[in-house]
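Here's the letter readout for the chains.
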Amino acid sequence: MQADITRTEVPPTAVRGIFYFVLPVLVIVGALIAYKSSTALGVIGKVSATGVIAPRGNVIPRVGASDAGVLTRTVNYFLVIWPALVFGILISAAVSTFVSPQWLSRLLGRHSLRSQVFAGLAGAPLMLCSCCVAPIFTAVYERSARLGPSLGLMLAAPALNPAALILTFMLFNYKVGVTRAAASVASVLFTGLIADRIFGRTEVHCDVDDWQTEGPPTDFLHFLRACARVSVRLLPVIVIGVLASMIIAQMIPVRTFDSTAARLLAIVVVAAVAVPLALPTFFEIPLALILLSSGAPIGAAVALLIAGPSVNLPSLLTIMRSTNWKVSAVVAASIWTLAVASGILVSFL
């Protein structure tokens, strides 16, 4: 007599779905992490050997040559970030093409601290600047209709960049490093929750079909069309944001932060300037060191370290493009508040 053995098998459609729809995203993300990790390890190694960090010049005022114009700095900025921006577009297109809206919505959840933690853990290894992670925010938000976690992922990539945090601890005292890390975690966890609480009913177009399980696999041409669509839709916004950011930076008087007479005012002003300022990865660190060497208070440097990488004008315009200006304003206000509060805290510790 043969025993009746019940076996649980994975449906062929599920295996096909994993192969065709999850693997491409993981491959692109893995390539990005490998690229950013190798670059970050190189920078950390140089800083460990020399004790200084020297980014490419002619991108932002007071870094490199001081006579570079707005257009020159804008071009140089994109020359620095273009590989990461390409990865951001590829990941955005892959999410839009291969990831099921229903699966992504269930994964991210809604209105919970747990979903923000997950978004932060997913975003931190990407190590992208705000401009480069902006296309990924758009894809994740419009694919999942989850505002809070999408913002959390967007903020985590630059704010919780592990290499940037390591460099902060290497080049500043422990109070600055701990404060930056704590404020960055708070921005990732709570900015999205605040936005969700205020704009939880924000409507977004989200595909609800189930072609991932019933239809034929999406071909490579579909992915290429998604890359083109993301580029045409978001690159003009990012370029305009970077150009405007460079104009703002160019208008700042050279000796704005040389006086220590008003520490609180310096912190407020630096945070206000840092929020819209477009900075490539790690550039906030030498800028903060320049502030300190020019006589600015430590709180102003901390405000720059927190607000500088977290958001910028291009990323805020991208958020506005996918949602509305009120969401962008809440994100900017949240980051500015955290930066100012952290700067004040460090100043009086």
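Our structure is the block above this text.
Residues numbered from 1 in each chain as written. Predicted model: local features only at pLDDT ≥ 70, side-chain atom pairs only at ≥ 80, totals over all residues. Heavy atoms only, no water.

## A closer look at the overall build of the chain
Worth spelling out the cut-off: Strands here mean DSSP runs of E at least two residues long; helices mean DSSP runs of H or I at least four residues long; both are numbered from the N terminus. Residue exposure (1.4 Å probe, protein chains only): buried if accessible area is under 20% of the type maximum, exposed if over 50%, otherwise partly exposed. Residue burial considers only the protein chains on display, and all accessible areas are found by Shrake-Rupley using a 1.4 Å probe.
Broken down by element type, the chain carries 15 helices and zero strands. Taken over 349 residues, the chain has a buried fraction of 52%. When the accessible surface of the chain is summed, it comes to about 16,000 Å², and 69% of that surface belongs to carbon and sulfur atoms.

## Focus: the packing of aromatic side chains
Operational definition: Pairing of aromatic side chains requires ring centres within 6.5 Å, counting the rings of Phe and Tyr and the six-membered ring of Trp. Pairs whose planes differ by under 30 degrees are stacked, by over 60 edge-to-face, and all others tilted.
All told, the structure shown has four aromatic pairs when counted by the stated rule. Measuring from ring centre to ring centre gives 5.8 Å for Tyr77 and Phe78, while their planes differ by 90°; the resulting arrangement is edge-to-face. Given the relative accessible area of 17%, Phe78 is considered buried. Between Phe98 and Phe223, the aromatic rings sit 5.8 Å apart at their centres with planes inclined by 25°, giving stacked as the arrangement. Of the two residues, Phe98 sits in helix 2 (residues 70-98) while Phe223 sits in helix 10 (residues 220-251), which places them 125 residues apart along the sequence. Note on Phe98: relative accessible area 9%, which makes it buried.

## As for helix 4 (residues 113-123)
Put simply, the rule reads: Directions pointing from the helix axis toward each C-beta atom define the arc. In this analysis, two residues are considered to be in contact whenever any of their non-hydrogen atoms come within 4.5 Å of each other.
Regarding helix 4, the residues found buried are Ser115, Gln116, Ala119, Gly120 and Gly123. Down the axis of helix 4, the sector holding all buried residues measures 140°, keeping them to one side. Turned more than 90 degrees off the buried face of helix 4, the exposed positions are Arg114 and Leu121. Close packing links the buried residues of helix 4 with helix 3 (101-108), helix 6 (147-159) and helix 8 (174-199).

## A closer look at empty space enclosed by the protein
Put simply, the rule reads: With a 1 Å grid laid over protein atoms only, a set of points is called a cavity when a 1.4 Å probe fits there but cannot get out and a pocket when it is open yet has protein on both sides within 12 Å along at least five of seven lines; lining residues have an atom within 4 Å of a point. Grid points are joined across faces, edges and corners, and a volume is the space filled by probe spheres set on the points. For this classification, Asp, Glu, Lys and Arg are treated as charged, while Ala, Val, Leu, Ile, Met, Phe, Trp, Tyr, Cys and Pro are nonpolar and the rest, including Gly, are polar.
Enumeration over the complete set of coordinates arrives at two cavities of 30 Å³ or more. What the largest cavity holds in volume is close to 60 Å³. The wall of the largest cavity is formed by Leu128, Cys129, Pro158, Asn161, Ala164, Leu279, Pro280, Thr281, Phe282, Glu284 and Pro309. Taken together, the residues that form the lining of the largest cavity break down as eight nonpolar, two polar and one charged.

## Brief notes about the layout of surface pockets
In this structure, the second largest pocket spans a volume of roughly 600 Å³. Forming the boundary of the second largest pocket are 27 residues, of which Thr39, Val43, Val80, Thr281 and Phe282 lie nearest the centre. Of the residues in the lining of the second largest pocket, the class split is 20 nonpolar, four polar and three charged.

## Things to note about the side chain of Ser328
Within the fold, Ser328 resides in helix 15 (residues 325-347). If we ignore the near neighbours within four places in the chain, the residues touching Ser328 are Leu316, Ile319 and Met320.

## What about the packing of helix 7 (residues 162-171) against helix 8?
Here is the rule we go by: In this analysis, axes come from line fits to C-alpha atoms, helices being fitted only over the stretch in contact, and the angle between any two N-to-C directions falls in the range 0 to 180 degrees. Orientation categories follow fixed angle ranges, with anything under 35 degrees roughly parallel, anything over 145 roughly antiparallel, 65 to 115 roughly perpendicular, and all other angles oblique.
Running from amino to carboxyl end, helix 7 crosses helix 8 at an angle of 155°, the nearest separation of the two axes being 7 Å. Viewed along their axes, helix 7 and helix 8 adopt a mutual orientation that is roughly antiparallel. Here Ala164, Leu165, Thr168 and Phe169 of helix 7 lie close against helix 8, whose contacting residues are Tyr174, Val176, Gly177, Val178, Arg180 and Ala181. The residue makeup of the contact of helix 7 with helix 8, split by class, is seven nonpolar, two polar and one charged.

## Overview of the packing of helix 5 (residues 130-144) against helix 6
Condition: Left-handed describes a crossing in which the near helix is turned anticlockwise from the far one by less than a right angle; the clockwise case is right-handed.
Packing of helix 5 against helix 6 leaves a shortest axis separation of 9 Å and a crossing angle of 160°. The orientation of helix 5 with respect to helix 6, classified from their angle, is roughly antiparallel. With respect to the hand of their crossing, helix 5 and helix 6 are arranged in right-handed fashion. Residues Ser130, Val133, Ala134, Ile136, Phe137, Val140, Tyr141 and Ser144 of helix 5 form the contact with helix 6, whose participating residues are Leu147, Ser150, Leu151, Leu153, Met154, Ala157 and Pro158. Split by residue class, the contact of helix 5 with helix 6 holds 12 nonpolar, three polar and no charged.

## Topic: the pattern of salt bridges
We apply this condition: Salt bridges are defined by distance alone: a side-chain nitrogen of Lys or Arg within 4 Å of a carboxyl oxygen of Asp or Glu.
Inspection of every chain in the model, using the stated rule, returns two salt bridges. With its nearest N and O atoms 2.6 Å apart, the salt bridge here joins Glu142 to Arg233. One end of the pair, Glu142, is in helix 5; the other, Arg233, is in helix 10, with 91 residues separating them in the sequence. Residue classification places Glu142 among the partly exposed residues on the basis of a relative accessible area of 21%.

## A short note on the nonpolar core
Quick note on the threshold: Side-chain atoms within 4.5 Å link the members of a nonpolar core, which is a set of buried Ala, Val, Leu, Ile, Met, Phe, Trp, Tyr and Cys residues.
Tyr77 and Leu128 are the most contacted members of the largest nonpolar core, which has 103 residues in total. If one sorts the elements of this core by residue count, helix 2 sits on top with 13 residues. The residues touching Tyr77, leaving out its near neighbours within four places in the chain, are Val59, Cys129, Cys131, Val242, Met246, Ala278, Leu279, Pro280 and Asn312.

## Some details on helix 8
The following threshold applies: Multiplying one less than the number of residues by 1.5 Å gives the expected span of a helix. To obtain the bend at a residue, axes are fitted to the seven residues ending there and to the seven starting there, and the angle between these axes is taken. Throughout this description, a polar contact denotes any pair of N or O atoms lying within 3.5 Å of each other; where both atoms belong to protein, one of them has to be capable of donating a hydrogen while the other can accept it, and for residues adjacent in sequence the pair is counted only when both atoms sit in side chains.
Here helix 8 contains 26 residues, and its C-alpha end-to-end distance of 37 Å stays within 8% of the 38 Å for a straight helix at 1.5 Å per residue. Where helix 8 bends most, at Ser187, the angle is about 30°. Between the side-chain oxygen of the N-cap and the backbone nitrogen of Lys175 there are 3.0 Å, and the N-cap of helix 8 in question is Asn173.

## Remarks on the environment of Ser115
Counting through the fold element by element, Ser115 comes out in helix 4. Given the relative accessible area of 4%, Ser115 is considered buried. Taking C-alpha positions, Ser115 is 6.0 Å from Pro149, a pair spaced 34 residues apart along the chain. Filtering out sequence-adjacent residues up to four positions away, Ser115 remains in contact with Leu108, Gly109 and Pro149.

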